[in-house]
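The primary structure of each chain is shown beneath.
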Amino acid sequence: MANWEKLLASSLRVKVLLPTILVMASLLGITLFIVNQVSRHWFEVGARERLRDADYGFYNAQSIQRLELERRLKSVSLAPRNHAAFRTLDGKTIAKQLELIYSEENLSADGVVVMFFTPTDEKAVKKFENMLLRVNLRASPAQMRSSCAPATALALKGDTGFDTVQVKGQIYSIVSIPICYETGWNPGEVIGALTFCRAWDSETIKKSFMTTGLRGCVAFIAGDGVSQAYNIPGTNASDPKLAAMFHRLSSKTANDAAQVLEDVVMENKHFFCTSGNFRTLRPDASIGYLLFTKYEEQLDALKETRSQLVMVGLLSMLVGSLLIMYFTSRALGPLQELQVGAEAVGRGDFTRRVVVRSNDECGQLAKVFNRMTADVEHSQTELKRTVETLQTTQAQLIQSEKLSAVGEFVAGVAHELNNPLATVMGFSEILKSAPVDPKYQRHLLMIFKSAERCQKIVQSLLTFARRHQPERAPVAVNKLIEEVLEIVAYQLRTNNIEVVRELHPALPPVLADGHQIQQVIINLVNNARQAIEAHQPSGKLIVTTEADAVNVRIKIADNGPGISPENMRKIFDPFFTTKDVGKGTGLGLSLCYGLIKEHGGNIAVTSEPGIGAVFVVELPAALNLPPEFLPAPALAPAAVSNRNEGAGKTILVIDDEEMLLTLADAELSNHGYAVITANNGEAALRELASKKVDAILCDLKMPGLNGRQVLARVQEINPVLARRFAFVTGDIINEPLADFFAREKVLWLNKPFSLAELRGIVKSISNETSGS
């Protein structure tokens, strides 16, 4: 021991080499252990896959054979000659016919060993108790009928009964088919049940495995013994230990959701085994099957792999020892320099470099070290930039989610306002044409005009609140500005801000995403409003549009406090804001800048402190658009009112709002239509079943059956009437909905609507009568 300590203290090579050899030897042992464990694990995984596939395949084979046998046997039972024999309920006649069926249909080839008939009439049951056709059967008729009772009971109720049972150590598949009257006083009434018992023998098992392409071994277990086996090596097929193994695996599987495997050795061959159960009508844990899969080839491959790993490991230890001895003699000096440099880097000094003294390995290592420290220094700088970018992106996402939540809420409220708005507009329009005291005519006109204003506000809110996929299309800038000013009109008016419009009357369109440009305009108008209201009691906002040969310009000018020169340079930077904490995120103008740049435009600002600020947005004008970008022609307005335009036509109006039903009934009835109303989809279908209707006007969203479901039912019941179908909806901006209308080729009407629009769409769909 003292000699070893003296050797370690005197030789650096030994200090490095001996631990290295020990580590490499340990690693070799650990590698062999891991390879062995991993290989065993994957053996088991592969076995699970194969056994699961075999189990599924065997299950599917049973199902396919049952269905084929059911189809064949049903055709046999429905043959006129056989059916006539069963209707006699005469024992001798039926027994003779069963023998005839068995021989003519060659049922022995399908493994059928028992046939018997069970009548529905309880009085006639006794005379059939001992009457059954059987082939090489050890069980008594009573035992077979008792085992087949659940399947027979299903057949006597009119359903085909399937079951798997074991009788005296033999497993059978049961198919019981109902026999019914075809004609007479009670067609379809069950006369009795025809039951077939198919034995699972070695040939049947072999046929199931061959037809499904399954591989492996299987043993059928009945009670405490093996009923049948296929591909089991040697004498193990009748080994009673297989039954014990089945019951052990079944109990483990019942307590564990995962598939349970067991390692089995038969005739020096290694197998994985798992258990399975048949589908039975009465739970019977005593019958089932064992599936085996061999993994002998994988074990041989594992042994070969271990031998190769040992050889490679020993060779690696030898080569490694030689290399270590060589490098320890040359690397000590440069390594000390690298150590000093590494310690400096560890302290955070990424500017440290190592002097390269040679071009050998140590010199290359020094170069790599220098490149590494340079890369780390660069990466540290990039990391700081990335962190700043991520912080910016996270804040933008948070703001976007907040805006999305507010938008969804606004959209819901605006949508709900459409129904009462439609009612107010409709009834006020009716009252305008009614004989009313002239002094109230002005009041009615004010109601109608106010409702129209609410309609415009609701439409603008819905357009703004909806989420849209970015999509470029021709956009009328003046129209976008009017919609934005309608949305913010209340805030501007209550803050005493005068709005001056100087809009170019012949402004060309721009090819842009209208929702994104609308967001930009809203941000600029809100910034101007907030600047004015924070510093003065009133103000002015001037919105100007103009165009030249290339661009369309939008100018938004305010007479607020303006922007200081030091803030002008960073006005579009993310997170820059002059507002108090909690009142601004600093993302609004940076978002505007990004959106306008994405459209190939430009945004700029000029300002004088104390006078105000002017934001100028430039977008490329969309000139000479191809036909696919041109807007669709507007729907022609309704014709002049004709009190008899609906004479002889019946219109079904469906809406869950009683006020809208009353409005539609009143207006359409005044113009000669016969109107039927329904406040839900179910009531509408009942009306269609009993009355003739010329056209249908249906709300899209209703409790119970909605508009789409009503249309689908009408298409099934009366395809011609389905072509005279129109929808009413309060969701005016919905791209999937527009696709649905185009696909179904139906008209629609937005809420709130005018009476002329209501009559126009009803006239359009009811006039389809002549062309249908």
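This is a predicted model, so every value here is computed, not measured.

Draft legend 1. Region of the structure containing the overall build of the protein. Along the backbone of the protein there are 25 helices and 22 strands. For the protein, buried positions account for 41% of its 772 residues. Accessible area of the protein: about 42,100 Å², with a carbon and sulfur share of 56%.

Draft legend 2. Structural view of the nonpolar core. Counting residues in each nonpolar core, the largest one holds 40 residues, and the members touching the most others are Ile521, Leu524, Leu541 and Phe615. Mapped by element, the contributors of at least two residues to this core are α14 (477–487), β13 (510–512), α16 (514–535), β14 (539–547), β15 (551–558), α18 (588–598), β16 (602–608) and β17 (612–620). Broken down by element, the residue count for this core peaks at 8 residues, all from α16. Beyond its immediate chain neighbours, meaning those up to four positions away, Ile521 contacts Leu480, Ile481, Val484, Ile554 and Ile556. If you look at the next biggest cluster of nonpolar residues, it comprises 25 residues, including Ala684, Leu700, Met702 and Val746.

Draft legend 3. Here's a closer look at the pairing of strand β3 (residues 161–167). β3 sits mainly inside the fold: 5 of its 7 residues count as buried. As defined by bridge partners, β3 adjoins strand β4 (residues 170–180) across 7 bridges and the pair is classed as antiparallel. Following the sheet pairing, Val165 is matched in β4 by Tyr172. What sits between β3 and β4 in their antiparallel hairpin is a turn of 2 residues, with Lys168 showing a positive phi close to 55 degrees.

Draft legend 4. The arrangement of the sheet that holds strand β10 (residues 287–294) in detail. Spatially, β7-β6-β10-β9-β8 is the arrangement adopted by the 5 strands of the open sheet, whose pairing is antiparallel. The two strands at the open ends of the sheet, each matched to only one other strand, are β7 (225–230) and β8 (262–266). The average undirected angle you get between the axes of adjacent strands in this sheet is 30 degrees. Across 5 bridges, the pairing between strand β6 (residues 217–222) and β7 is antiparallel.

Draft legend 5. Fine view of the pattern of salt bridges. Inspection of every chain in the model, using the stated rule, returns 13 salt bridges. We note a salt bridge from Glu483 to Lys479, for which the minimum N-O separation is 2.7 Å. Residue Glu483 and its partner Lys479 are both found in helix α14; the two are separated by 4 residues, about one turn of the helix. Glu483 gets classed as buried once you look at its relative accessible area, which sits at 17%. With its nearest N and O atoms 3.6 Å apart, the salt bridge here joins Glu546 to Lys555. A residue is classified by how much of its surface remains accessible, and Lys555, at 29% relative accessible area, is partly exposed. A single salt-bridge network, built from bridges that share partners, covers Glu546, Asp548, Arg553, Lys555 and Glu618.

Draft legend 6. Molecular detail of the sheet that holds strand β19 (residues 674–678). Here 5 strands make up an open sheet; going across it, the order is β19-β18-β20-β21-β22 and the pairing parallel. Each edge of the open sheet is held by one strand with a lone partner, namely β19 and β22 (747–750). Recorded for the sheet is a direction-independent mean angle of 20 degrees between the axes of neighbouring strands. Relative to strand β21 (residues 725–729), strand β20 (residues 695–699) runs parallel, the two being bridged by 4 bridges. Bridge pairing links Asp699 to Val728 in β21. Contacts from helix α21 (residues 707–717) reach β18 (650–654), β20 and β21, with the element oriented near 175 degrees to β21.

Draft legend 7. Structural context of the state of the cysteines. With the rule as written, the count across this model stands at 0 disulfides. With no disulfide of its own, Cys197 lies closest to Cys148 among cysteine sulfurs, the gap being 3.5 Å.

What counts, and where the lines are drawn
Residues numbered from 1 in each chain as written. Predicted model: local features only at pLDDT ≥ 70, side-chain atom pairs only at ≥ 80, totals over all residues. Heavy atoms only, no water. Helix = DSSP H or I, 4+ residues; strand = E, 2+ residues; numbered from the N terminus. Buried < 20%, exposed > 50% of the residue type's maximum accessible area, 1.4 Å probe, protein only. Areas by Shrake-Rupley, 256 points an atom, 1.4 Å probe, with all protein chains shown as cover. Core = buried A, V, L, I, M, F, W, Y, C linked by side-chain atoms within 4.5 Å. Contact = heavy atoms within 4.5 Å. Pairing = 2+ DSSP bridges. Axes fitted to C-alpha atoms, helices over the stretch in contact; angles between N-to-C directions. Salt bridge = Lys/Arg side-chain N within 4 Å of Asp/Glu carboxyl O. Disulfide = S-S within 2.5 Å.

Function cannot be inferred from these measures alone, as they are strictly geometric.
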